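Remarks on the overall topology
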Amino acid sequence: MSESPSLLFVNQHYYPDFASTAQHLTDLAEHLDDDGFEVHVLCSAGHYLSGSMDVPLEETHNGVHIHRVRATAFGRDSVLGRLTDYASFFLQALWRVLTGPRYDSVVTLTTPPLIALVGAIARMVRDQAYGIWSMDLHPDAEVAVGMLGPGQALTRFLHALNNWAYRRADFVVDLGPYMKRRLRDKGVPDDRLRTIPVWNKKDEVYPIPDAENPLVDEVGLEDRFVIMYSGNAGLGHRFDEVLAAMKHFDGHPEIFFLFVGSGPRKEEIVAFAEEHDLSNFRYMSYFPREQIKYSLSLADVHLLTLYNDMAGVAVPGKLYGILAAGKPVLMVGPEASDSGETILEHDVGTVVDPQGRGDAPDRLIEAIETLYANPERRAEMGERGRRVFLDHFEKGGCCEQWAGLMERRT
């Protein structure tokens, strides 16, 4: 190893994949390389959706040493396929970390779930220092969406494994105060917890007027009031209220719902639109990263959804891209969450919290009507959102917090 502090990040996805964790890890790894660290990444050659990427198993890209393993790549279309991909990568990652070079620190993310065990086992076997970048919590997420019962023996076992790995880590980076509270409850000491939010880049996503946006003509949404859901339609994201609003506004001359991305809930959303023959809806594939500034600027309002039980389990990173694009946010989910509090504290959108109330679809429809009728209000929220993004959620500041943390830990 060189005299520079050496770091190994372990995550299933990395450049050139477009998974959110891949993009954020790529940003951070390249930033740390620029700051003088020797940065390595251990990842899969498999694509986030399915299939293998046409990439070398070993390469150095923008200073970062990338080590890829040939894990299975069934993708996210089935639970069995996803679990097989997880297990395949986990076992190979564990072997590499236990038998490969030693690093000043190993940092695991949270894809696949329980990958933190790689760090904990490496500490036990070879006294390898490690930390955790807690992008989300498992098996908390699986319990929140009903995949696992809270009292099942399997659930208790998985919690015990995961909590053991978290408690042994030298540090854990959480994404906000609600996630931090959950980690405290797992027994992670306060002095090992550090909050660093995820981010976007100020020069990658920024407000673009319709007249300068080539996608407006390409997508064919001129003179439409576009309500966009961009990114993964995951099991932790709620859509019942959104679907009800889509049906309510069907036939409206201007209000249009645009979904961009994919995810396990996509088929359900598309099937609803087909069943009700909705004319105000389209589902498009992911745009390339270099077009994301145009994609996010297509919207007049962006949707963010989350089940209430997911508060503190996941912190949707899509919020920061929305703020960077200077657009208001319409969240269907818990006010008492990291995202909900950011939106309300800074007045950058509206939160419709369904907790304990059955009128959430009506309140969502009312919120849409209010934003539709008040372009000045939308513009004010968007401008505030851009300022909040630059102050708190821009890549440079967030990655410098990481650099400071790693300097103290190596």
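Above this text sits the structure in question.
A brief report on the enclosed structure follows. This structure is a prediction, so every number in the text was calculated from the model and none was measured.

1. Looking at the packing of aromatic side chains
- Taken as a whole and assessed by the stated rule, the structure comprises 13 aromatic pairs.
- Taken together through their ring pairs, the aromatic side chains of Phe-9, Trp-133, Phe-171, Trp-199 and Trp-402 make up a single cluster.
- Over the ring of Tyr-178 we find Arg-181, and its NZ or CZ is 4.4 Å from the ring centre.
- When the ring centre of Tyr-283 is taken as reference, the NZ or CZ atom of Lys-266 above it lies at 5.0 Å.

2. Some thoughts on the sheet that holds strand 13 (residues 329-332)
- Ordered in space as 11-10-9-12-13-14, the 6 strands form an open sheet in which the pairing is parallel. Looking at strand neighbours, the two that pair on one side only are strand 11 (281-284) and strand 14 (349-352), the edges of this open sheet. Adjacent strand axes in the sheet meet at a mean angle of 20 degrees, parallel and antiparallel pairs treated alike.
- Looking at chain direction, strand 13 and strand 14 are connected through 4 bridges and run parallel. Its bridge partner being in strand 14, Met-331 is matched across the sheet by Val-351.
- Most of the contacts of helix 9 (residues 266-275) go to strand 11, to which it runs at about 150 degrees, and overall it touches strand 10 (255-262) and strand 11.

3. Some words on empty space enclosed by the protein
- All told, the structure shown has 2 cavities of 30 Å³ or more when counted by the stated rule.
- Space inside the largest cavity adds up to approximately 100 Å³.
- Of all the elements, helix 2 (residues 79-99) adds the most residues to the lining of the largest cavity, at 3 residues.
- Residues belonging to the lining of the largest cavity are distributed by class as follows: 3 nonpolar, 7 polar and 3 charged.
- Its boundaries defined by the atoms lining it, the second largest cavity holds a volume of some 50 Å³.
- Class assignment for the residues of the lining of the second largest cavity results in 8 nonpolar, 3 polar and no charged.

4. Focus on unusual backbone geometry
- In this model, Tyr-15 is joined to Pro-16 through a cis peptide bond whose omega is 5 degrees.
- Assignment of secondary structure puts Pro-16 in the loop between strand 1 (6-10) and helix 1 (20-34).
- Thr-111 connects to Pro-112 through a cis peptide bond whose omega is 0 degrees.
- By the element assignment, Pro-112 lies in the loop between strand 5 (105-108) and helix 3 (116-126).
- Positioned with a positive phi, Leu-114 is a non-glycine residue whose angle comes to about 70 degrees.
- Relative to the elements of secondary structure, Leu-114 occurs in the loop between strand 5 and helix 3.
- Of note in the backbone geometry, Asp-347 takes a positive phi value of approximately 55 degrees without being a glycine.
- Assignment of secondary structure puts Asp-347 in the loop between helix 12 (338-346) and strand 14.
- According to the relative accessible area criterion, Asp-347 is partly exposed, its value standing at 27%.

5. Comments concerning the pattern of salt bridges
- A full pass over the atoms with the stated rule returns 15 salt bridges.
- Salt-bridge contacts for Arg-123 lead to Asp-170; the nearest nitrogen and oxygen are separated by 2.2 Å. On the criterion of sequence distance, the pair formed by Arg-123 in helix 3 and Asp-170 in the loop between helix 5 (153-168) and strand 7 (171-174) is long-range, its members being 47 residues apart.
- Look at Arg-123 and you get buried, because its relative accessible area is 19%.
- Between Asp-359 and Arg-363 there is a salt bridge, and its shortest N-O distance comes to 3.0 Å.
- Given a relative accessible area of 25%, Asp-359 falls into the partly exposed group.
- Through salt bridges with shared partners, a single ionic network connects Asp-27, Lys-201, Glu-204 and Arg-289.

6. Description of the sheet that holds strand 1
- Taken in spatial order, the 8 strands line up as 3-4-2-1-5-6-7-8 in an open sheet, and their pairing is mixed. The two strands at the open ends of the sheet, each matched to only one other strand, are strand 3 (58-61) and strand 8 (193-195). Going from strand to strand, the sheet's axes swing by 20 degrees on average, the running direction of each strand aside.
- The sheet contact formed by strand 7 and strand 8 spans 3 bridges and is parallel. What sits directly across from Val-173, in strand 8, is Arg-194.

7. Things to note about the layout of surface pockets
- Of the pockets and cavities examined, the second largest pocket occupies roughly 350 Å³.
- Lining the second largest pocket we find 22 residues, and of these Ser-297, Ala-299, Asp-300, Gly-326 and Lys-327 sit closest to its centre.

Cut-off values and rules
Position numbers for residues count from 1 along each chain, tracking the sequence in the order it is written. Only residues with pLDDT of at least 70 are given local features in this predicted model, and only at 80 or more are side-chain atom pairs given and counted; all residues enter the totals for whole chains, interfaces and linings. Side-chain metrics in this entry use all non-hydrogen atoms of the structure; hydrogen atoms and water are not considered. Pairing of aromatic rings covers Phe, Tyr and Trp, the last counted by its six-membered ring, and requires centre-to-centre distances within 6.5 Å; plane angles under 30 degrees mean stacked, over 60 mean edge-to-face, and any other angle means tilted. In this scheme, the term charge over a ring applies when either NZ of a lysine or CZ of an arginine sits within 6 Å of the ring centre and within 35 degrees of the ring normal. Whether two strands pair depends on DSSP finding at least two bridges between them. Secondary structure elements follow DSSP: runs of H or I of four or more residues count as helices, runs of E of two or more count as strands, with numbering from the N terminus. Orientation is described by lines fitted to C-alpha atoms, with helices fitted over the stretch in contact, and by angles between N-to-C directions that extend from 0 to 180 degrees. The contact definition used throughout considers only heavy atoms, calling two residues in contact when any of these lie within 4.5 Å. Site definitions follow a grid-based scheme: protein atoms alone, a 1 Å grid, a 1.4 Å probe that fits but cannot get out for cavities, and for pockets an open set with protein on both sides within 12 Å along at least five of seven lines, plus lining residues having an atom within 4 Å of a point. Grid points are joined across faces, edges and corners, and a volume is the space filled by probe spheres set on the points. Here the term charged refers only to Asp, Glu, Lys and Arg, the term nonpolar to Ala, Val, Leu, Ile, Met, Phe, Trp, Tyr, Cys and Pro, and the term polar to all other amino acids, Gly among them. Relative accessible area decides the class of each residue, using a 1.4 Å probe on protein chains only: under 20% of the type maximum gives buried, over 50% gives exposed, and in between gives partly exposed. Basic side-chain nitrogens of Lys or Arg form a salt bridge, by our definition, when they fall within 4 Å of a carboxyl oxygen of Asp or Glu.

Purely geometric numbers; function is a separate question.
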